[in-house]
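Structural features, examined
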Amino acid sequence: MKISHKLILAFGVLILVLLVEIVLNQVISNRATQTYQTLQSEINPAVTILNKYEGINKELNLLISNRVNGDDRISSINRIKGIVEVELTYIVTELTTLHDALAEDHANRHHLATLIANTDDLIHTTIKFKDLLNIKEQENKTNLARGLYNTDFSNLTYSIDKSIKQLDINYNRAFESYNNELANNLKSVSRIILFTGAFGVILAIIITFQITFSISSSIHKLKIAALKMSKGNLDERIKVKGQNELAELGSAFNKMANALKKSFTAQEKQIEEIQSVNKELEQFVYVASHDLQEPLRTMTSYINLISELYIEQLDNNTLKYMTHVEDASARMKTLIKDLLDYSKIGKEKTVTTVDLNAIVNEILLDHELIIKDSNATVVFDPLPTLNGLQMELKQLFQNLINNGLKFRKEGTDPYIEITIEDQSDFWLFKVKDNGIGMDEKYFERVFVIFQRLHNRNDYQGTGIGLSICKKIVDMHKGEIWIESELNKGCTFYFTIFKKLKTI
């Protein structure tokens with residue numbers, strides 16, 4: 001079974017459990033809400049009105065008893081009037097609302113009907129008391145009121161008190177029942193949350209174990225294999241069991257490793273062939289350059305000998321031709337020397353610690369005469385000590401300084417400045433001059449061997465100096481480039497890798 005299917009199934013079960021929890025919680029919450037609403041709309045109002053009615057009934061009974069026994073205070077009379085006309089009327093209205101809200105077969109409905117009827121009778125009886133007791137001069141009216149109190153009024157208040165107590169008992173029982181139901185509903189919700197939470201935790205543990213076992217282990221194998229391949233072990237392969245995505249990934253990795261090894265083997269063969277050809281070519285250039293010097297020396301010697309022995313017998317044209325041959329021989333000698341120097345670069349590939357300050361000072365000492373004659377100024381920042389090829393680095397700085405001294409503007413003293421910048425893994429060097437500069441279109445061309453931008457009559461050289469610089473910078477795993485404008489000097493930038501160990 002694929003990992004994606006396992007994860008979908010696991011998360012599907014988890015979502016289903018959550019949905020069941022939501023539905024059950026909603027059902028139980030609705031029941032709890034209904035119970036709470038019943039308490040608030042039926043039970044609590046009924047208990048409140050009954051408690052109030054019980055107090056009013058006792059108070060009215062006491063007030064009427066006092067009136068019968070001669071209490072003529074205005075406050076007592078007004079209080080009886082307020083109870084009859086306001087509070088008992090309000091209570092009748094509330095009791096009627098409670099009565100009408102109950103079902104026909106509800107036990108409390110009969111008790112409420114009786115209580116409402118007794119309350120109406122109580123109101124009428126109390127009114128009779130008021131009428132009888134307001135006529136003080138008639139003794140027989142007072143006796144009638146006293147008799148009415150001892151019979152009808154006492155029976156009514158007793159009956160009302162009894163109904164109130166019975167209803168209070170019934171409503172308190174209902175209150176307790178609804179409270180228990182509400183508590184049970186809340187407990188059910190808590191149990192559902194606890195159960196689903198525990199199930200979710202267990203499912204999460206299972207999913208985590210599944211991911212760890214099915215995914216992490218295979219990815220770890222893939223990581224180890226990739227690290228071994230990155231270190232050159234192209235024979236490393238991984239074994240992933242099953243038919244899931246990771247097995248497909250492992251198979252793809254093995255195919256990639258096979259293709260990479262095949263490609264690497266082919267590249268190694270090509271590199272060996274190229275190295276062999278380069279070696280043969282370098283040997284050929286060295287031998288050819290070395291062997292060409294002997295004919296040049298012979299030719300130069302014969303030209304000199306002819307000049308010495310037959311100078312008086314030669315006409316001006318012949319002397320001119322001989323001078324051309326002699327100049328050409330000198331240029332050829334210089335070209336062969338530069339070609340030999342180019343072929344020798346990197347032959348000694350031993351990386352050593354090189355103090356660039358000492359190298360630049362040595363170059364300035366070697367060029368002391370030309371610097372003095374041209375009234376040139378060469379300044380440089382404190383330079384680092386780094387790993388590299390000492391002779392090649394000297395050649396690099398020497399060629400760039402020579403370039404600034406050679407291509408100077410007429411009437412301007414040469415000024416060459418060498419600065420450095422630390423760029424993490426590389427040193428960035430900048431060699432700036434105030435010479436004739438060059439057009440942007442030649443920025444790439446000047447680093448190609450034997451490419452000259454100027455007539456040899458204006459500026460001497462073979463067009464190989466900057467190509468030597470590029471080769472040396474490449475050997476030190478860096479880059480070299482130019483920024484320049486015509487008549488505004490040149491700035492050569494190049495980088496050297498700090499942690500160079502081998503070439």
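What counts as what
Residues numbered from 1 in each chain as written. Predicted model: local features only at pLDDT ≥ 70, side-chain atom pairs only at ≥ 80, totals over all residues. Heavy atoms only, no water. Core = buried A, V, L, I, M, F, W, Y, C linked by side-chain atoms within 4.5 Å. Buried < 20%, exposed > 50% of the residue type's maximum accessible area, 1.4 Å probe, protein only. Helix = DSSP H or I, 4+ residues; strand = E, 2+ residues; numbered from the N terminus. Contact = heavy atoms within 4.5 Å. Pairing = 2+ DSSP bridges. Axes fitted to C-alpha atoms, helices over the stretch in contact; angles between N-to-C directions. Expected span 1.5 Å × (residues − 1). Bend = angle between axes of the 7 residues up to and from the residue. Patch = residues over 30% accessible without salt bridge, like charges linked within 9 Å, V, L, I, M, F, W, Y side chains within 5 Å. Areas by Shrake-Rupley, 256 points an atom, 1.4 Å probe, with all protein chains shown as cover. Salt bridge = Lys/Arg side-chain N within 4 Å of Asp/Glu carboxyl O. Left-handed = near helix turned anticlockwise from the far one by under 90°. Nonpolar A, V, L, I, M, F, W, Y, C, P; charged D, E, K, R; others polar. Phe/Tyr/Trp six-rings, centres within 6.5 Å; stacked < 30°, edge-to-face > 60°. Lys, Arg positive; Asp, Glu negative; His and termini not counted. Polar contact = N/O pair within 3.5 Å; in protein donor to acceptor, adjacent residues only side chain to side chain. Parallel < 35°, antiparallel > 145°, perpendicular 65-115°, else oblique.

**Remarks on the nonpolar core**
Judged by nonpolar contacts, the single largest core of 38 residues is most densely connected at Leu356, Leu393, Leu396, Phe397, Leu400, Phe429 and Phe494. Of all the elements in the fold, those that place two or more residues in this core are helix H7 (356-366), helix H9 (390-406), strand S4 (415-423), strand S5 (426-433), helix H10 (465-475), strand S6 (480-484) and strand S7 (490-497). The dominant element in this core, judged by the number of residues it contributes, is H9, at six residues. The residues contacting Phe494, other than those within four sequence positions of it, are Leu396, Phe397, Leu400, Trp427, Leu428, Phe429, Val431, Val473, Glu479 and Ile480. Core analysis: the next-biggest nonpolar cluster, separate from the first, contains 36 residues, Leu63, Val92, Ile123 and Phe153 among them.

**Some words on the sheet that holds S4**
The mixed open sheet is built from five strands, whose spatial order is S2-S4-S5-S7-S6. Strands with a single pairing partner mark the edges of an open sheet, and in this sheet they are strand S2 (377-380) and S6. Strand-to-strand twist across the sheet, computed as the mean angle between neighbouring axes with direction ignored, equals 15°. Note that S2 and S4 share four bridges and pair parallel. By the bridge assignment, Val378 is partnered in S4 with Ile416. Here H7 sits on the sheet and contacts S2, S4 and S5; the angle it forms with S2, its principal contact strand, is near 175°. H9 rests against S4, S5 and S7 of the sheet, and its axis sits at about 175° to S7.

**Quick notes on the environment of Asn172**
Looking at the element boundaries, Asn172 is found in helix H4 (residues 139-230). Separated by 125 residues in the primary sequence, Asn172 and Val47 have C-alpha atoms spaced 7.5 Å apart.

**Remarks on helix H2 (residues 74-101)**
Helix length check: H2 (28 residues) gives 40 Å between terminal C-alpha atoms against 40 Å at 1.5 Å per residue, within 8%. Largest kink in H2: about 40°, centred on Ile83. Buried residues of H2: Ser76, Ile80, Ile83, Val84, Glu87, Leu88, Ile91, Val92, Leu95, Leu98 and His99, and no others.

**Quick word on a nonpolar patch on the surface**
The grouping of Tyr302, Leu305, Ile306, Leu309 and Tyr310 at the surface amounts to a nonpolar patch, some 490 Å² of accessible area in total. Relative to the helices and strands, Leu309 resides in helix H5 (residues 245-310). On the basis of relative accessibility, which here comes to 54%, the residue Leu309 falls in the exposed class.

**Description of the packing of H9 against H10**
Interhelical geometry of H9 versus H10 gives an angle of 145° and a closest axis separation of 9 Å. Crossing handedness for the pair H9 and H10: left-handed. Packed against H9, whose contacting residues are Glu392, Leu393, Gln395, Leu396, Asn399, Leu400 and Asn403, the element H10 presents Gly465, Leu466, Ile468, Cys469, Ile472 and Val473 at the interface. Along the lines of polarity and charge, the residues of the contact of H9 with H10 split into eight nonpolar, four polar and one charged.

**Considerations on unusual backbone geometry**
Phi is positive for Ser424, which is not a glycine, with a value near 55°. Position of Ser424 among the secondary structure elements: in the loop between S4 and S5.

**Observations concerning the pattern of salt bridges**
Enumeration according to the criterion identifies eleven salt bridges in this entry. The residue Arg79 makes a salt bridge to Glu87 at a minimum N-O spacing of 2.8 Å. Among the salt bridges present, the one from Lys165 reaches Asp161, with a minimum N-O distance of 3.2 Å. A residue pair is termed a helical-turn pair when its members lie 3 or 4 positions apart in one helix, as Lys165 and Asp161 do in helix H4 at four residues. On the basis of relative accessible area, Lys165 is assigned to the partly exposed category, the value being 39%. Each of the salt bridges in this network shares a partner with another, and the network as a whole consists of Glu54, Lys58, Asp161 and Lys165.

**Considering the packing of aromatic side chains**
How two aromatic rings sit relative to each other is set out by the distance from centre to centre and by the angle between their planes. Within this structure, the stated rule accounts for five aromatic pairs. With a centroid separation of 5.4 Å and 55° between ring planes, the pair formed by Phe426 and Phe497 is classed as tilted. With a gap of 71 residues between them, Phe426 in strand S5 and Phe497 in strand S7 connect regions that are remote in the sequence. Summarising the aromatic geometry, the rings of Trp481 and Tyr493 are spaced 5.5 Å apart at their centres and angled 10° between planes, so their arrangement reads as stacked. Separated by twelve residues along the polypeptide, Trp481 in strand S6 and Tyr493 in strand S7 bring together distant segments of the chain.

**Some points on H10**
Where H10 is concerned, the buried positions are Leu466, Ser467, Ile468, Cys469, Ile472, Val473 and Met475. Two residues or fewer after H10 comes Lys477, characterised by a positive phi angle close to 60°.

**Thoughts on the pairing of strand S3 (residues 385-388)**
What you see with S3 is a clean split: Leu386 and Gly388 sit on the buried side and Thr385 and Asn387 on the side with no burial. Examined bridge by bridge, strand S1 (residues 352-355) and S3 share four bridges and lie antiparallel to one another. From the neighbouring strand, Asp355 faces S3, where its bridge partner is Thr385.

**Observations concerning the side chain of Asp433**
Along the chain, Asp433 turns up in strand S5. Within the buried set, Asp433 has no salt-bridge partner at all; the shortest N-O distance to an opposite charge, 8.5 Å, is to Lys409. Of the polar contacts made by the side chain of Asp433, one reaches the backbone nitrogen of Gly435; its length is 3.0 Å. Sequence-distant contacts of Asp433, that is, excluding residues within four places in its chain, are made with Gly404, Tyr415, Ile416, Gly489, Cys490 and Phe492.

**What about the packing of H7 against H9?**
Close contact between H7 and H9 brings their axes to 10 Å; oriented N to C, the two are set at 50°. With respect to each other, H7 and H9 are oriented oblique. Crossing hand, H7 versus H9: right-handed. On the side of H7, the interface is formed by Leu356, Ile359, Val360, Glu362, Ile363 and Asp366, while H9 contributes Gln390, Leu393, Lys394, Phe397, Gln398 and Ile401. Residue classes in the contact of H7 with H9 are distributed as seven nonpolar, two polar and three charged.

Honestly, it's all geometry; don't read function into it.
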